[in-house]
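Understanding the architecture of this molecule
For reference, the chains in residue letters:
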Amino acid sequence: MCRTWFTRTHWITWGAVLYLLTSPLILHFFDPAPPSPNAENVSFLSSDYVEYWSAWRILRGAQALYDPLPMLAVQNALVPPGQSEHLRTEALMMWNPPWLLYIIGPVLTLPFASSFIAWLGLNILLLLLSARLLQLSIPNRAPKFWAILAAMFLFHPVWFSLKYGQLGCLLTFGCALLIYGLTAGCFLTQGVALLILSTK
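Okay, so let's go over this structure. From a predicted model like this one, the values you see are computed outputs, not experimental measurements. (Residues numbered from 1 in each chain as written. Predicted model: local features only at pLDDT ≥ 70, side-chain atom pairs only at ≥ 80, totals over all residues. Heavy atoms only, no water.)

**Section: the packing of helix α2 (residues 49-60) against helix α3 (residues 68-77)**
The condition is simple: The convention used is that axes are lines fitted to C-alpha atoms, helices contributing only their stretch in contact, and that angles between N-to-C directions extend from 0 to 180 degrees. Here a helix means four or more residues in a row that DSSP labels H or I, a strand means two or more in a row labelled E, and each is numbered from the N terminus. For this classification, under 35 degrees means roughly parallel, over 145 means roughly antiparallel, 65 to 115 means roughly perpendicular, and everything else is oblique. Each crossing gets its handedness from the near helix: less than a right angle anticlockwise from the far helix is left-handed, clockwise is right-handed. What makes two residues a contact is simply this: any of their non-hydrogen atoms within 4.5 Å.
It is the contact of α2 with α3, at a shortest axis distance of 9 Å, that shows an interaxial angle of 115 degrees. For the element pair α2 / α3, the angle class is roughly perpendicular. Along this stretch, α2 crosses α3, giving a crossing that reads as right-handed. Along the contact surface, α2 presents V50, E51, W53, S54, A55 and I58, while α3 presents P70, M71, V74 and Q75.

Right, dumping it as structure tokens:
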């Protein structure tokens, strides 16, 4: 059990629980049909994030999630007319478990370029929360918040994850939440963290 509830950063745990519980309901009522892909700026199409965005539309369209043919069709539909050189010959597949899409679904419902920018902002927020959780996980002589944050941003894979829209920041948050949950002795926090980490 947690030693203390609703204190220090337990609001992060309860916020994550509320988000995970309500996301499928919100997506069911406010996104009842898969939006048709529109022509977007191709500058974002080289990112790995396109696989999650495409997979969400395939899932909402009740198609086979791990079939490369519908994935390729959705991804090529993003290419504006007259720019056939950007068309893919092979789909960028998502091999993560399907519940990942429900966790990040509210961001995936946006048009692709806006969705990518929103995902970038969410990742930066997750890094800030991760730094705070790690700071609170060290009971004595904890390092400064800015020092932990600086160490994160000096780690090259963080920039790589931000640039290509990967899951690195989400998994970093999951690790930080798990460490904090183990330190605080909170089973709920540990469970939420393991759910996040199971998306990889």
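**Brief notes about the packing of aromatic side chains**
Put simply, the rule is: Pairing of aromatic side chains here covers Phe, Tyr and the six-membered ring of Trp, requires ring centres within 6.5 Å, and sorts the geometry by plane angle: under 30 degrees stacked, over 60 edge-to-face, intermediate tilted. Buried, partly exposed and exposed residues are distinguished by accessible area as a fraction of the type maximum, computed with a 1.4 Å probe on protein chains only: under 20%, between the cut-offs, and over 50%, respectively. Comment: the charge-over-ring label is applied if NZ (Lys) or CZ (Arg) is within 6 Å of the ring centre and within 35 degrees of the ring normal.
All chains considered together, the criterion is met by nine aromatic pairs. Ring centres 6.0 Å apart and planes at 10 degrees place the aromatic pair Y66 and W95 in the stacked group. Of this pair, Y66 sits in the loop between α2 and α3 while W95 sits in the loop between α3 and α4 (99-103), placing them 29 residues apart in sequence. Note on Y66: relative accessible area 34%, which makes it partly exposed. A relative accessible area of 63% places W95 in the exposed class. Here the aromatic rings of F160 and Y164 are separated by 4.7 Å at their centres, their planes lie at 45 degrees, and the arrangement is tilted. Of this pair, F160 and Y164 both sit in helix α8 (residues 156-164), separated by four residues, roughly a single helical turn. With a relative accessible area of 23%, Y164 lands in the partly exposed category. Three or more aromatic residues joined by ring pairs form one cluster here, namely Y49, Y52, W53, F112, F116 and W119. A cation over a ring is seen here: R57 above W53, with NZ or CZ 3.7 Å from the ring centre.

**A look at helix α10 (residues 187-197)**
Basically, it comes down to this: This arc is taken over the directions from the axis of the helix to the C-beta atoms.
For α10, the set of buried residues is T189, Q190, V192, A193 and I196. The arc enclosing the buried residues of α10, seen along the axis, measures out at 165 degrees, which places them on a common side.

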